[in-house]
Amino acid sequence: MNRETLVDPKTQKSNKVVAAVCAAFFAGMIGMAYAAVPLYAMFCKVTGYGGTTQRVDQYSDRILDQKVTIRFDANTTGGLPWKFQPVARDMTIKIGETAQAHYTAANMFDKPTYGRATFNVTPELAGAYFNKVECFCFTDTTLKPGETLDMPVVFYVDPDIVNVPELKDVKTITLSYTFFPIEGVKPVAAAPQAGPIKTNDNTDGNLGG
């Protein structure tokens with residue numbers, strides 16, 4: 001007697017269902033793996049988790065008397081031959097005050113090189129309250145041999161930070177950028193600045209108008 005004739009039809013159907021469920025589960029796990037990185041990045045941007053700052057399209061409409069010192073950090077990785085540094089190492093502003101800081105990057109190589117910056121702030125919990133109006137992060141940047149580029153960042157610290165028990169007495173926040181190398185890309189022009197802002201270029205004058 002053929003062994004196949006001994007298999008219960010109900011058992012065959014059950015096996016097919018189990019196989020289909022396993023295949024669907026496997027496909028779902030692959031999809032989740034591919035989605036994990038962008039979903040995690042989105043989560044960080046919304047919550048400030050991991051020191052991720054917030055990107056906003058408007059200036060603060062509330063300024064407190066309480067002040068905070070912003071320190072600026074600059075790094076390169078992956079062998080990118082750039083001299084990357086802040087124009088000023090720190091600046092003190094009022095919470096809610098819109099300010100402008102400047103970084104510079106110089107290509108020390110004899111050929112065009114390409115980079116892109118990531119960022120974070122410390123303490124990490126402050127990321128949800130560090131709002132950037134303009135910045136150069138995640139922008140593909142090209143530098144010609146010996147070229148130096150000025151890269152401004154416009155930001156403010158959300159006044160709601162004083163309502164967070166762990167941050168209400170924070171005195172210093174560090175904004176850190178890291179440039180890493182990428183494949184050759186076309187340079188992207190910096191966005192124009194607007195509005196009254198405090199700068200860290202050794203002056204306290206207002207820009208825009």
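Since this is a predicted model, take the numbers as computed values, not measurements. (Residues numbered from 1 in each chain as written. Predicted model: local features only at pLDDT ≥ 70, side-chain atom pairs only at ≥ 80, totals over all residues. Heavy atoms only, no water.)

A.B. asks: Describe the packing of aromatic side chains, naming the residues involved and giving the relevant values.
C.D. replies: Taken as a whole and judged by the stated rule, the model has 13 aromatic pairs. Ring centres of Tyr103 and Tyr177 lie 5.1 Å apart, and the angle between their planes is 75°; this geometry places the pair in the edge-to-face category. With Tyr103 in strand 5 (residues 99–107) and Tyr177 in strand 10 (residues 172–181), the pair connects residues that are 74 residues apart, well separated along the chain. Like Tyr177, Tyr103 is buried. Both rings, one in Phe130 and one in Phe155, keep their centres 5.1 Å apart while their planes meet at 15°; by these two values the pair is stacked. Taken together, the positions of Phe130 in strand 7 (residues 130–134) and Phe155 in strand 9 (residues 148–157) put the pair 25 residues apart, joining distant regions of the chain. Cluster of aromatic residues (ring-pair linked, three or more members): Phe72, Trp82, Phe84, Tyr103, Phe119, Phe130, Phe136, Phe138, Phe155, Tyr177 and Phe179. One cation-aromatic arrangement involves Lys132 over Phe119; the distance from NZ or CZ to the ring centre is 3.2 Å. (Phe/Tyr/Trp six-rings, centres within 6.5 Å; stacked < 30°, edge-to-face > 60°. Helix = DSSP H or I, 4+ residues; strand = E, 2+ residues; numbered from the N terminus. Buried < 20%, exposed > 50% of the residue type's maximum accessible area, 1.4 Å probe, protein only. Lys NZ or Arg CZ within 6 Å of the ring centre and 35° of its normal.)

A.B. asks: Tell me about the confidence of the model for the protein, and please be specific about residues and values.
C.D. replies: Here the protein shows a mean pLDDT of 77. Residues at 70 or above account for 60%. In this model residues 1–5 is a low-confidence stretch, pLDDT under 50, and it forms one contact with partners more than four residues away in sequence or in other chains. Low pLDDT, under 50, characterises residues 186–195; the stretch is placed with 16 contacts to residues that sit more than four places away or in other chains. (pLDDT = per-residue confidence, 0-100. Contact = heavy atoms within 4.5 Å.)

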